[in-house]
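# Examination of the molecular architecture
Here is how the chains run, residue by residue.
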Amino acid sequence: MLEEDYNRDRRRLPRHLRRSPEPERPFSYEIRPARPADLPDIREIYNYYVTNSVVTFDEKRWSLAQWRQRYDHLTKLKLPFLVAASPTGQILGYALASPWAGKTGFRYTAETSIYLGQAATGKGLGRALLAALIEACRELGLREIVAVVSDKGAEASIALHEKFGFVEVGRMGRVGHKFGRWLGTIYLQKSLGKQKKGLRALLGQRSG
């Protein structure tokens, strides 16, 4: 027996004395409305996609001030802005609805967006966030929701939306350019049913 083999075997504890590895902690989270304190984590999640993917056509990283402005805008409109928070408070992903096209005639329609932190992908979180966002939009009284996704690298997002009843309603080719590539967009739409009487409409009634 070589000396190194002897030393290695001598240091190894008998099986019955070895500590069992700790079981992997279950993936758990709480979906709740976003808070101002969540914005730094949200910024980091989004900026990963800005710098590493064509899922978003943004080319410059968003600042915390930009996210605060967006948060304030959506809060003023009472539009859904949800996060999935871990038991330690870390934001694992977020989902939001924003006004579609910005004209008052579109006030019963919103655009949806969902982004996940890299450690939270492939665990069903996107499905949970989308389900919560759809329900929040329905409770608000929205009639239609639209998702606009890149025609490159968004196959999982398209499949997820289709599982929830979104239907492809159109495409635009070569309307974006990022990382030296021409990119198109795919429009997916879901109807939420008739507007419930008495619920607040988006953007008020003043035309712009």
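Our structure's up above, just so we're on the same page.
Residues numbered from 1 in each chain as written. Predicted model: local features only at pLDDT ≥ 70, side-chain atom pairs only at ≥ 80, totals over all residues. Heavy atoms only, no water.

## Describing the packing of helix H2 (residues 39-52) against helix H3 (residues 64-77)
The condition that has to hold: In this analysis, axes come from line fits to C-alpha atoms, helices being fitted only over the stretch in contact, and the angle between any two N-to-C directions falls in the range 0 to 180 degrees. Numbering of helices and strands runs from the N terminus, with a helix taken as a DSSP run of H or I at least four residues long and a strand as a DSSP run of E at least two residues long. When an angle is under 35 degrees it counts as roughly parallel; over 145 it counts as roughly antiparallel; between 65 and 115 it counts as roughly perpendicular; any other value is oblique. Two helices crossing with the near one rotated counterclockwise from the far one by less than a right angle form a left-handed crossing, whereas a clockwise rotation gives a right-handed crossing. The criterion used for residue contact is that any of the two residues' heavy atoms lie within 4.5 Å.
The interhelical angle for the contact between H2 and H3, taken along N-to-C directions, is 110 degrees, at an axis separation of 10 Å. In terms of axis orientation, H2 runs roughly perpendicular to H3. For H2 against H3, the interelement crossing comes out right-handed. For the pair H2 and H3, contact is made by Leu 39, Pro 40, Ile 42, Arg 43 and Tyr 46 and by Leu 64, Trp 67, Arg 68 and Tyr 71, respectively.

## A word on unusual backbone geometry
One non-glycine residue, Lys 78, adopts positive backbone phi at about 60 degrees. Mapped onto the secondary structure, Lys 78 falls in the loop between H3 and strand S2 (81-85). The backbone of Ala 101 shows a phi angle near 70 degrees, a positive value even though the residue is not glycine. Mapped onto the elements of the fold, Ala 101 is located in the loop between strand S3 (91-99) and strand S4 (109-116).

## Observations regarding a nonpolar patch on the surface
Let me state the cut-off plainly: Like-charged residues within 9 Å of one another, or nonpolar side chains (Val, Leu, Ile, Met, Phe, Trp, Tyr) within 5 Å, are grouped into patches, provided each residue has over 30% relative accessible area and no salt bridge. With residues, only the protein chains shown are counted as cover, and all accessible areas are computed by Shrake-Rupley using a 1.4 Å probe. Only one rule defines a salt bridge in this text: a Lys or Arg side-chain nitrogen within 4 Å of an Asp or Glu carboxyl oxygen.
A cluster of nonpolar side chains, Phe 57, Met 172 and Val 175, forms an exposed patch at the surface whose accessible area comes to about 250 Å². Mapped onto the fold, Phe 57 is located in the loop between H2 and H3.

## Focus: the pairing of strand S5 (residues 144-150)
To keep things clear, this is the line we draw: Relative accessible area decides the class of each residue, using a 1.4 Å probe on protein chains only: under 20% of the type maximum gives buried, over 50% gives exposed, and in between gives partly exposed. Between any two strands, at least two bridges found by DSSP are needed for them to pair. Here is how to tell: hold the view so the strands point away, follow the path from the first strand over the helix to the second, and if it runs clockwise the crossover is right-handed.
Within S5, 6 of the 7 residues are buried, which leaves the element mostly enclosed by the surrounding structure. Bridge analysis of S4 against S5 gives 3 bridges, and the strand direction is parallel. Bridged to Ala 110 within S5 is Ile 145. One crossover worth recording links S4 to the parallel S5 by way of helix H4 (residues 125-140), and it is right-handed.

## Some remarks on the packing of aromatic side chains
The description of two aromatic rings rests on the distance between their centres and on the angle between their planes. How we decide: When two rings of Phe, Tyr or Trp (its six-membered ring) have centres within 6.5 Å they constitute a pair, described as stacked for plane angles under 30 degrees, edge-to-face for angles over 60, and tilted for the intermediate range.
Counting across every chain of the model gives 13 aromatic pairs. Where Trp 62 meets Trp 67, the ring centres are 5.0 Å apart and the plane angle is 50 degrees; that geometry is what we call tilted. Each member of the pair, Trp 62 together with Trp 67, is buried. For the ring pair Trp 67 and Tyr 94, a centre distance of 5.6 Å and an interplane angle of 80 degrees mean the geometry is edge-to-face. Linking Trp 67 in helix H3 with Tyr 94 in strand S3, this pair joins segments that are 27 residues apart in sequence.

## Some thoughts on the environment of Tyr 29
As for its position among the elements, Tyr 29 is in the loop between helix H1 (3-11) and strand S1 (30-33). In this structure, the C-alpha to C-alpha distance between Tyr 29 and Ile 91, residues 62 residues apart in sequence, is 8.9 Å. Among all residues touching Tyr 29, those that are not within four sequence positions of it are Ala 84, Ala 85, Ser 86, Leu 92, Gly 124, Leu 125 and Ala 128.

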